[in-house]
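The chain contents come next:
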Amino acid sequence: MSTNQWWSVDFLENVVYNMGMGRPRKNGRLRMDSDIRIPVTSEQKRLIREATSHEPEGMAAWARLVLMDAAKRRLAKTGKGGMARSDIAETS
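We now turn to the structure provided with this report. (Residues numbered from 1 in each chain as written. Predicted model: local features only at pLDDT ≥ 70, side-chain atom pairs only at ≥ 80, totals over all residues. Heavy atoms only, no water.)

**Points about the overall build of the protein**
No. 1: In terms of regular secondary structure, the protein is built from 4 helices and 0 strands.
No. 2: Mapped from its N terminus to its C terminus, the protein presents α and β elements in the order α-α-α-α.
No. 3: The buried share among the 92 residues of the protein stands at 4%.
No. 4: On the protein, roughly 8600 Å² of surface is accessible, and the fraction owed to carbon and sulfur atoms is 57%. (Helix = DSSP H or I, 4+ residues; strand = E, 2+ residues; numbered from the N terminus. Buried < 20%, exposed > 50% of the residue type's maximum accessible area, 1.4 Å probe, protein only. Areas by Shrake-Rupley, 256 points an atom, 1.4 Å probe, with all protein chains shown as cover.)

Spelled out as structure tokens, the structure:
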């Protein structure tokens, strides 16, 4: 067997083997299907990274909690709300 044939067989075996090695799919309620992009300065980004450096879930989870909490407080204050209370509780 030539080197090229060995490499392609080995490569294909690794691809097939690794296809089942990914992380399990998240529960549908926990799967995020949208994102928010927020422009910040380099200094703001550095400050946020520093503040979240020890967060076990990471910066995105921290920002999600902060934003959801602020949104709930603002909606409670104004008496308005686009999401049912059960939906809000499930996303936080």
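**A few points about the pattern of salt bridges**
No. 1: Per the counting criterion, the structure on display carries 4 salt bridges.
No. 2: Between glutamate 43 and arginine 46 there is a salt bridge whose closest N-O contact spans 2.6 Å. Taken as a pair, glutamate 43 and arginine 46 lie in helix H2 (residues 42-51) at a separation of 3 residues, close to a single helical turn.
No. 3: For glutamate 50, the salt bridge identified is with arginine 46, shortest N-O distance 2.6 Å. Here glutamate 50 and its partner arginine 46 are both found in helix H2, 4 residues apart, which amounts to about one turn of the helix.
No. 4: Ionic contacts of the salt-bridge type, sharing partners, join the residues Glu43, Arg46 and Glu50 into one network. (Salt bridge = Lys/Arg side-chain N within 4 Å of Asp/Glu carboxyl O.)

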